Amino acid sequence: MIMNDFCDADKIWLDLDLVTMSNSAASSNLAASSDGCSQGYGCSQGYGVQKSMALAVKNGRISAIAPMIDMDKALFLKANIAGRGGWMTPGLIDCHSHLVFAGSRAQEFEQRLQGVPYEQIAREGGGILSTVRATRGASEQQLFDLAVPRLQALMSEGVATLEIKSGYGLTLKDELKMLRVARQLGEAFPVQVRTTLLGAHALPPEFVANSDAYIDLVCEQMIPAAAEQKLADAVDVFCEGIGFSPVQCERVFKAAKNYGLAIKGHTEQLSDLKGSQLAANYGALSVDHLEYLDAAALQPLVENGTVAVLLPGAFYFLRETKLPPIQALRNAGIPMAIATDFNPGTSPLASLRLMMNMACTLFRLTPEEALAGVTCHAAKALGLSDDSGRLVVGAPADMLLWDIKHPSELAYQIGVPALKQRIYQGETSYV
């Protein structure tokens, strides 16, 4: 029966060492495993390694996986052999990005390093509102063109799926404009784009004296329009002292649920407002940042199955010192995802491989946890199917073929090209 699946395949890859991620526990609690696996270079527990395998694809999905020793050699004479040799992993997933925006904050970056206080930069027109002004002034085509090289940088490292948030328009027209551009990127390139409405990202100048009125706009106009026009898959909020209060965020969550949209949250980045627990109580797919997350108050995340998304790029760029409660998340069995948080102000870093390295060096994740964080756990953070981010029969054929000696190299070494093939929906889109 398996040979029939290979005979009927659109493409076949041979002599592979597969990193299936099919053994990754929900918590990715590999560092605490009792068998010493995390200490050995040949470890395969969390990676789900299967050596010397063949893999077949049919209609954009993985249709068969079998040991090479079981393969009928006659099949190779007539099969469409798309690759031979190497390590194959699932396609990478960037589950938190702000890829669509206009303007640059490089001058602000320089000013801050020269000792200019952020408050002064903001008074002089810098900060997030400078990005808002530039994004409002840009056309959809301009925003699309600006986003393309950022997207291509991610794809060149193996990203097959990513989330793109709005949040730099802060008007109905401009938030929808950003979401349309995000959808257009997914239509124009071989990549799956999930979109998130982040209207509650910052308070626009028009509402500086009345934040509740702005939340009215988000709940009564932005969310209904984004849902009705099918521009958003989820709704996000920035629950923070410099963002929006838990009471205001709860209003946004209720509106999102009323319109059938998933929920996410920027929470506990700068302080502990219990936004993560609030979001989880409303069924959030993920809560993101989490430096100030209370390690003793994780039960709502556990009960809801909410993913903890770690954003080491922002931690690094802002030179933060307060670490997320990594060991508590492990102990609680909460899956940890990793993302770029690519944005102009706090993480202008279009490299998911770099984020894997930072997650290991700054947050002390294992390489196995890091790879799970950009594959199966990132898929869960976006509400994708259970087989997404894994190499299993029936899963989407979003796969990467690497010239490496061991999967730990993906988090270890940065900058040296190692990607041999990028396969999206069964088609090779980058070699």
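This text gives an overview of the structure that appears in the document. In this text, all values refer to a predicted model and were calculated from it rather than measured experimentally.

### Some details on the layout of surface pockets
Then comes step 1: Counted as a void, the largest pocket has a volume near 830 Å³.
Then comes step 2: Listed by contribution, the elements that provide at least two residues to the lining of the largest pocket are α3 (118–123) and α4 (128–137).
Then comes step 3: Each residue belonging to the lining of the largest pocket can be placed in one class, and the counts come to 13 nonpolar, 12 polar and six charged.
Then comes step 4: In this structure, the second largest pocket spans a volume of roughly 310 Å³.
Then comes step 5: F109, R112, L113, F317 and L318 are, among the 13 residues lining the second largest pocket, the residues nearest its centre.
Then comes step 6: Looking at the lining of the second largest pocket, the elements with two or more residues in it are α2 (106–113) and α11 (312–317).
Then comes step 7: Among the elements that line the lining of the second largest pocket, the one with the most residues is α2, at five residues.
Then comes step 8: Residues that form the lining of the second largest pocket fall into these classes: eight nonpolar, one polar and four charged.

### Overview of helix α7 (residues 211–228)
Then comes step 1: Taking 1.5 Å as the rise per residue, α7 with 18 residues should run 26 Å; its terminal C-alpha atoms sit 25 Å apart, in good agreement.
Then comes step 2: The sharpest bend along α7 comes to roughly 30°, located at V218.
Then comes step 3: Taken residue by residue, α7 has Y214, I215, L217, V218, C219, M222, I223, P224, A225, A226 and A227 as its buried positions.
Then comes step 4: Of the surrounding secondary structure, the elements contacted by the buried residues of α7 are α6 (172–188), β8 (192–200), β9 (234–239) and α8 (246–258).
Then comes step 5: Looking one or two residues beyond α7, the residue adopting positive phi is K230, at roughly 55°.

### Points about the packing of aromatic side chains
Remark: the centre distance and the inter-plane angle together describe each pair of aromatic rings, the angle taken between the planes.
Then comes step 1: Counted according to the given criterion, the structure contains eight aromatic pairs.
Then comes step 2: Between F315 and F363 the ring centres are 5.1 Å apart and the planes differ by 75°, which places this aromatic pair in the edge-to-face class. Of this pair, F315 sits in helix α11 while F363 sits in the loop between α13 (352–361) and α14 (367–373); the two residues are 48 residues apart in sequence, bridging distant segments of the chain.
Then comes step 3: Looking at F363, the relative accessible area reads 4%, which means it is buried.
Then comes step 4: One aromatic cluster is present, formed by F101, Y168 and F342 through successive ring pairs.
Then comes step 5: The positively charged end of K322 is found above the aromatic ring belonging to Y292, 5.8 Å away from the centroid.

Calculation rules
- Residues numbered from 1 in each chain as written.
- Predicted model: local features only at pLDDT ≥ 70, side-chain atom pairs only at ≥ 80, totals over all residues.
- Heavy atoms only, no water.
- 1 Å grid on protein atoms, 1.4 Å probe; cavity = no way out; pocket = protein on both sides within 12 Å on 5 of 7 lines; lining within 4 Å.
- Points joined across faces, edges and corners; volume = space filled by probe spheres on them.
- Helix = DSSP H or I, 4+ residues; strand = E, 2+ residues; numbered from the N terminus.
- Nonpolar A, V, L, I, M, F, W, Y, C, P; charged D, E, K, R; others polar.
- Expected span 1.5 Å × (residues − 1).
- Bend = angle between axes of the 7 residues up to and from the residue.
- Buried < 20%, exposed > 50% of the residue type's maximum accessible area, 1.4 Å probe, protein only.
- Contact = heavy atoms within 4.5 Å.
- Phe/Tyr/Trp six-rings, centres within 6.5 Å; stacked < 30°, edge-to-face > 60°.
- Lys NZ or Arg CZ within 6 Å of the ring centre and 35° of its normal.

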